[in-house]
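# A closer look at the structure
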Amino acid sequence: MFTRIFGKPKQETNALATLDKLNETLEMLEKKEKVLIKKAASEVEKAKEFTRAKNKRAAIQCLKRKRLYEQQIEQLGQMIMLEGAKATTETVDALRTGASAMKAMQKATNIDDVDKTMDEINEQTENMKQIQEALATPIGAAADFDEDELEAELEELEGAELEEQLLQPATTAPAAPVHVPAGRQSTRPAPQKNTAEEDELAALQAEMAL
């Protein structure tokens with residue numbers, strides 16, 4: 001099938017290689033043209049200098065060289081135009097070859113075959129997912145665990161943790177004050193004033209003692 005689709009790969013390669021060579025030739029010709037233009041301009045400047053120096057013969061020689069450079073520039077211009085036309089023709093041929101290859105691919109490709117292939121790929125992908133899920137299923141004793149029992153056990157642990165947190169302040173609270181008869185009250189200075197929370201807790205504990 002691929003042979004039918006890409007029937008002429010060598011011709012396409014040759015066309016690209018030809019285009020590359022033509023582009024290289026154009027670049028070389030353009031560089032030569034620039035060099036000749038600079039040389040012609042240089043001869044004009046020399047001719048002006050010789051004219052100012054009253055050296056007529058040398059000025060004429062410079063102008064002659066300028067004319068020769070101009071002739072070469074004209075020839076190069078024609079060559080550049082010719083090479084450009086060749087490059088254009090090769091480009092059009094390469095595009096035509098590419099279009100033909102695209103048409104051949106479209107003719108060789110059946111949309112029903114594409115759909116069938118995609119369905120097969122999707123089916124195999126689904127099968128692989130099922131296989132992975134089966135491999136991930138617990139084996140032996142691990143498979144007998146009841147999820148509801150595990151959830152209930154987890155809730156019990158959370159409840160015990162919460163109860164422990166609620167009871168924690170009561171276990172760390174200061175002990176209730178000891179009641180001493182009025183005649184035996186200590187003459188020592190009063191202890192440091194408790195906070196409002198400690199006072200409230202002490203009063204509650206005193207009421208419970210009564």
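Under an unreviewed UniProt entry, the name given to the protein chain is Vacuolar protein sorting-associated protein 32 homolog 2-like, and the source organism is Nelumbo nucifera.

Residues with a pLDDT of 70 or more make up 72% of the protein chain, whose mean pLDDT is 75. Segment residues 1-8: pLDDT under 50, and seven contacts once partners within four positions in sequence are set aside and those in other chains are kept.

A few words now on a negative patch on the surface. Taken together, the side chains of Glu147, Asp148, Glu149, Glu151, Glu153, Glu155, Glu156 and Glu158 define an acidic patch exposed on the protein surface. Examined against the element boundaries, Glu153 turns out to sit in helix α5 (residues 147-171).

This part covers the side chain of Glu83. Turning to its location among the elements, Glu83 is positioned in helix α3 (residues 56-108). The residues touching Glu83, leaving out its near neighbours within four places in the chain, are Leu22, Thr25, Leu26 and Leu29.

What follows is about the pattern of salt bridges. With the rule as written, the count across this model stands at five salt bridges. Close ionic contact of Glu43 with Lys46 constitutes a salt bridge, the shortest N to O distance being 4.0 Å. On the criterion of helical spacing, the pair formed by Glu43 and Lys46 is a turn pair, its members being three residues apart in helix α2 (residues 9-52). Within the structure, one salt-bridge network assembled from shared partners comprises Glu43, Lys46 and Arg65.

Among the surface-exposed residues, Ile111, Val114, Met118 and Ile121 lie close enough to one another that they form a single nonpolar patch of about 350 Å² accessible area. By the element assignment, Ile121 lies in helix α4 (residues 111-135). Using a relative accessible area of 44% as the deciding quantity, one classes Ile121 as partly exposed.

To continue, consider the nonpolar core. Counting 10 residues, the largest nonpolar core is built from Leu22, Leu26, Leu29, Leu36, Ala40, Tyr69, Ile73, Leu76, Ile80 and Ala87. For this core, the secondary-structure elements that each account for two or more residues are α2 and α3. For Leu22, the contacting residues outside a window of four places in its chain are Glu83, Lys86, Ala87 and Glu90.

Turning our eyes to something else, we now look at the environment of Leu29. Along the chain, the position of Leu29 falls in helix α2. Between the alpha carbons of Leu29 and Leu76 there is a distance of 6.5 Å; along the sequence they are 47 residues apart. Other than its neighbours up to four places away in sequence, Leu29 contacts Leu76, Met79, Ile80 and Glu83.

A few words now on unusual backbone geometry. If you check the backbone angles, Lys54 has positive phi at about 65° while not being a glycine. For Lys54, the position within the fold is in the loop between α2 and α3.

Criteria and thresholds
- Residues numbered from 1 in each chain as written.
- Predicted model: local features only at pLDDT ≥ 70, side-chain atom pairs only at ≥ 80, totals over all residues.
- Heavy atoms only, no water.
- pLDDT = per-residue confidence, 0-100.
- Contact = heavy atoms within 4.5 Å.
- Patch = residues over 30% accessible without salt bridge, like charges linked within 9 Å, V, L, I, M, F, W, Y side chains within 5 Å.
- Areas by Shrake-Rupley, 256 points an atom, 1.4 Å probe, with all protein chains shown as cover.
- Salt bridge = Lys/Arg side-chain N within 4 Å of Asp/Glu carboxyl O.
- Lys, Arg positive; Asp, Glu negative; His and termini not counted.
- Charge placed at Lys NZ, Arg CZ, Asp CG, Glu CD.
- Helix = DSSP H or I, 4+ residues; strand = E, 2+ residues; numbered from the N terminus.
- Buried < 20%, exposed > 50% of the residue type's maximum accessible area, 1.4 Å probe, protein only.
- Core = buried A, V, L, I, M, F, W, Y, C linked by side-chain atoms within 4.5 Å.

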